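Chain by chain, the residues:
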Amino acid sequence: MKSTFAISALALLLGACAQAPAPETAAAGAPAAVAGDRARSQDQDVLIAHEWRLIAATDRAGRPIEALRPGVDRPLTLSFSASGLNVAGGCNMQFGGYTLASGVLNVSGLASTMKACSSDLMQLDAAVAARLKGRLQVRLEGGSDAKQLRLTDAAGDTLTFAGQLTPEARYGAGQVMFLEVAPDSVACAHPLIPDHRCLQVRERRYDDSGVLLPPQGDWRPLYQRIEGYAHQEGEHAILRVKRYTDKNPPADASSQIYRLDLVVQRGR
């Protein structure tokens, strides 16, 4: 049975358009308040430029928080835009607003999608939501290639995240597009991978009312993977993806990077 989500083209595009704010600079001799604003902006730029993967969760006594263990194992990820944050990796996507000032992250009440999952993932969602609210002390540690984020709530529980640069930070702005994925992959040549198989894809577009338009071309093999998408043989899908250009790709890799942004439709 095919499962379809009716989403307007405008709504599909809006979620991918947030841009990081430009960092502020303080002139020589600027008042301390201005310099403080600059420092806070730089911290926010660091948050926005990384995807944050949960690697540890401990209480005030340093003991692991069992309800959050599935988030360490899966793992659970936190990402920031200029004014919002998103949590993925549990049962449901969670999202809300935030402000950052003087080493304190203030998180607005998180909203959530309403999917039902196994009890451990539902408990994970609840445990995350209980800790990502109100005032959280923020610590950013490590060098540019090994950033860590520590968030500590009023009860002393600490969530530790490892940072990885976002595609925008690595490659620049991406192009939003829609790809239809055929149910069956096909054999395709790869210089380093024997018996390599490729997804079959073709570009799709929606009109201003959110109506799917006819295909833009024929099926073609996609030699690189779509980051974040796991294909199941026999399953058809339409994906919203972001396409980036790597200006210095490895010799055996394409310069085009595809990353899943949203599963619009999937089913058999």
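Anyway, here's the lowdown on the structure attached to this text.

What counts and how
Residues numbered from 1 in each chain as written. Predicted model: local features only at pLDDT ≥ 70, side-chain atom pairs only at ≥ 80, totals over all residues. Heavy atoms only, no water. Helix = DSSP H or I, 4+ residues; strand = E, 2+ residues; numbered from the N terminus. Buried < 20%, exposed > 50% of the residue type's maximum accessible area, 1.4 Å probe, protein only. Contact = heavy atoms within 4.5 Å. Areas by Shrake-Rupley, 256 points an atom, 1.4 Å probe, with all protein chains shown as cover. Disulfide = S-S within 2.5 Å. Core = buried A, V, L, I, M, F, W, Y, C linked by side-chain atoms within 4.5 Å. 1 Å grid on protein atoms, 1.4 Å probe; cavity = no way out; pocket = protein on both sides within 12 Å on 5 of 7 lines; lining within 4 Å. Points joined across faces, edges and corners; volume = space filled by probe spheres on them. Nonpolar A, V, L, I, M, F, W, Y, C, P; charged D, E, K, R; others polar. Pairing = 2+ DSSP bridges.

Examining the overall build of the chain
- For the chain, the count of helices and strands is five helices and 17 strands.
- The buried share among the 268 residues of the chain stands at 34%.
- Taking the intrachain contacts of the chain between residues at least 6 apart in sequence as the baseline, contacts between residues at least 24 apart amount to 57%.
- Working note: accessible area of the chain is about 14700 Å², and carbon and sulfur atoms make up 53% of it.

Some points on the state of the cysteines
- Using the criterion set out here, one finds two disulfides in the structure.
- Covalent S-S linkage joins C91 and C117, the inter-sulfur distance amounting to 2.1 Å. Taking the sign of the S-S torsion, about 80° here, the bridge from C91 to C117 comes out right-handed. Remark: C117 occurs in the loop between β7 (111–112) and α4 (119–131) and C91 occurs in the loop between β4 (84–88) and β5 (94–101); sequence separation between them is 26 residues.
- The partner cysteine of C188 in its disulfide is C198, sulfur to sulfur 1.9 Å. Between C188 and C198, the disulfide has an S-S torsion of 85° and is therefore right-handed.

A few points about the nonpolar core
- L78, F80, L105, L149, L151 and F161 are the most contacted members of the largest nonpolar core, which has 29 residues in total.
- At four residues, the largest contribution of residues to this core is made by α4.
- In this structure, F161 is in contact with W52, R53, L54, I55, L76, L78, K147, Q148, L149 and L151, ignoring residues within four places of it in sequence.
- Ranked by size, the runner-up nonpolar core spans twelve residues in total, among them V181, L222, L239 and V241.

Notes on the layout of surface pockets
- The calculated volume of the second largest pocket comes to roughly 300 Å³.
- Lining the second largest pocket are 17 residues, with Q224, R225, A253, S254 and Q256 sitting closest to its centre.
- Here the lining of the second largest pocket gets three residues from one element, more than from any other, and that element is strand β17 (residues 256–267).
- When its residues are assigned to classes, the lining of the second largest pocket shows nine nonpolar, four polar and four charged.

With respect to the environment of L179
- Along the chain, the position of L179 falls in strand β11 (residues 175–181).
- Residue L179 is classed as buried on the basis of its relative accessible area, which comes to 0%.
- Sequence separation of L179 and P215 is 36 residues, and the distance between their C-alpha atoms is 9.8 Å.
- Each residue touching L179, except ones within four places of it in the same chain, is listed here: R202, E203, I226, A237, I238, L239, V241 and Y258.

Focus on the pairing of β5
- Of the two faces of β5, the one holding Q94, G96, Y98 and L100 is buried and the one holding F95, G97, T99 and A101 is not buried anywhere.
- In terms of strand pairing, β4 meets β5 through four bridges, oriented antiparallel. Considered in β5, the bridge of G84 is made with G97.
- Strand direction decides the pairing type here: β5 and β7, joined by two bridges, are antiparallel. Within β7, the residue paired with Q94 across the bridge is S112.
- Across four bridges, the pairing between β5 and strand β6 (residues 104–107) is antiparallel.

Worth remembering: the numbers are spatial, not functional.
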